[in-house]
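Residue-level structural notes
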Amino acid sequence: MQSTEKRLFPIDVPYFFKVTTMESFCASTESPDNPVRYPYSQVVWITRGRGNFIIDLEKFSLSDNTIYTIPPGRFHQFKPSGELSGHIISFNGDFLNLAMEAPDRPFFKEISADLNRVKMIVLQSENPELQDLLADMAREFRNHLTLRLEILSSLFRIFLIYVKRLAITTRQEDTSSPKMRLYHNFYEKLDKEFRTMKQVAEYANELAVSPSYLTVVIKKVSGYSASYHIQQRMVLEAKRLAMYSDASLKSVAYSLGFDDLGHFSKFFKNAAGLNFSEFKKIKDQVA
């Protein structure tokens, strides 16, 4: 279990997760209002504060009891009017996949889809459940005890469920611009067709734009290229099958449309940072 626990922190290996307070973030950053961009997802919960939160040029108001979801690669910056209090939860796709337990269930697919969009969620003013869950997550994160990963992923899943329950209003990023519409149409089509469509040109043809234009827009909106998104969606599905079933390398490769096992094995290692059998071992340690 020790080798798995260490993976909670580096961002280039599975199961990255971190929880910190807004006060700690501001204190550890020379200029907390400078634009930043991270290769992982974030859930920012402002418990008290005023000002603006700018995410990829879209301006959201900072207010008490408000949660913001930020997908990987999005530039964002705080423009507070006074001090901010709250929490920042950072995580990668592997940790989210583990937390969901049954990612193909419609409810959890909806939560995963929410975390792939910029959203502002206003919560009910009374939310002791979330406060208790954050305290439990923070305490477990600081400790290095047995089954830490399992407890953190379970607490995070419950946290996300409570967010859905306590939400009063939700505002998504402005999707009225042609570029934002193209990005969301691309991501929606990718989620449905990734098993059979693996080239940027195929998606560009379906979306009636040129491959070069699609590449430029996806990179501008998300910080990552269209080919990167295609690759990551396929490797995410491969990890899901490895984690939640006894599927072999061969069956996973074929389910994703790979006829050459050597090609799939190389693809998985390049995208995931470790080979398929190593990932299965980590999964067995976590289970």
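Since we're looking at a predicted model, the values are computed, not measured.

**Things to note about the overall build of the chain**
Within the chain, the secondary structure is distributed over 13 helices and nine strands. Among the 287 residues that make up the chain, the fraction classed as buried is 46%. In the chain, 73% of the contacts between residues at least 6 apart in sequence involve partners at least 24 apart. As presented, the chain carries roughly 13,900 Å² of accessible surface, and 51% of it is formed by carbon and sulfur atoms.

**Regarding the nonpolar core**
Proteins that are soluble and globular tend to have nonpolar side chains buried together. Membership of the largest hydrophobic core comes to 67 residues, with the highest contact counts inside it found for Phe17, Ile89, Phe156, Phe159 and Phe264. In terms of residue count, helix α6 (residues 148-166) provides more of this core than any other element does, eight residues in total. If we ignore the near neighbours within four places in the chain, the residues touching Phe156 are Phe17, Ile89, Phe91, Phe95, Leu96, Ala99 and Met137. With 15 residues, the next largest nonpolar core counts Phe25, Phe53, Tyr68 and Ile88 among its residues.

**Re the packing of helix α4 (residues 106-115) against α6**
Direction vectors running N to C along α4 and α6 enclose 85°, while the axes themselves pass 11 Å from each other. Classified by the angle between their axes, α4 and α6 sit roughly perpendicular to one another. Contacts between α4 and α6 involve Phe107, Phe108, Glu110, Ile111, Asp114 and Leu115 from the first element and Arg157, Leu160, Ile161 and Lys164 from the second.

**Considering the confidence of the model for the chain**
Across the chain, pLDDT averages 84, with 89% of residues at or above 70. Between the elements of the chain, mean pLDDT differs from a low of 40, seen in helix α1 (residues 2-5), to a high of 95, seen in helix α8 (residues 200-206). Across residues 1-7, confidence stays below pLDDT 50; counting only partners more than four residues off in sequence or on other chains, it has 17 contacts.

**A word on the pairing of strand β2 (residues 41-48)**
Along β2, seven of the eight residues are buried, which leaves the element largely enclosed by surrounding structure. As defined by bridge partners, β2 adjoins strand β7 (residues 85-91) across seven bridges and the pair is classed as antiparallel. Directly across from Trp45, in β7, lies its bridge partner His87. Relative to strand β5 (residues 66-70), β2 is paired through five bridges, and the arrangement is antiparallel. Across the sheet, the residue bridging to Gln42 is Ile70, located in β5.

**A few points about the sheet that holds strand β6 (residues 76-80)**
Pairing in this open sheet of three strands is antiparallel, and the strands run β4-β3-β6 from one edge to the other. Sheet topology places β4 (58-62) and β6 at the edges, where each strand pairs with a single neighbour. With strand direction ignored, the average angle separating the axes of adjacent strands in the sheet is 20°. Alignment of strand β3 (residues 51-55) against β6, held across five bridges, turns out to be antiparallel. In the sheet register, Asn52 faces β6, and the bridge partner there is Lys79.

Each value, and the rule that gives it
Residues numbered from 1 in each chain as written. Predicted model: local features only at pLDDT ≥ 70, side-chain atom pairs only at ≥ 80, totals over all residues. Heavy atoms only, no water. Helix = DSSP H or I, 4+ residues; strand = E, 2+ residues; numbered from the N terminus. Buried < 20%, exposed > 50% of the residue type's maximum accessible area, 1.4 Å probe, protein only. Contact = heavy atoms within 4.5 Å. Areas by Shrake-Rupley, 256 points an atom, 1.4 Å probe, with all protein chains shown as cover. Core = buried A, V, L, I, M, F, W, Y, C linked by side-chain atoms within 4.5 Å. Axes fitted to C-alpha atoms, helices over the stretch in contact; angles between N-to-C directions. Parallel < 35°, antiparallel > 145°, perpendicular 65-115°, else oblique. pLDDT = per-residue confidence, 0-100. Pairing = 2+ DSSP bridges.

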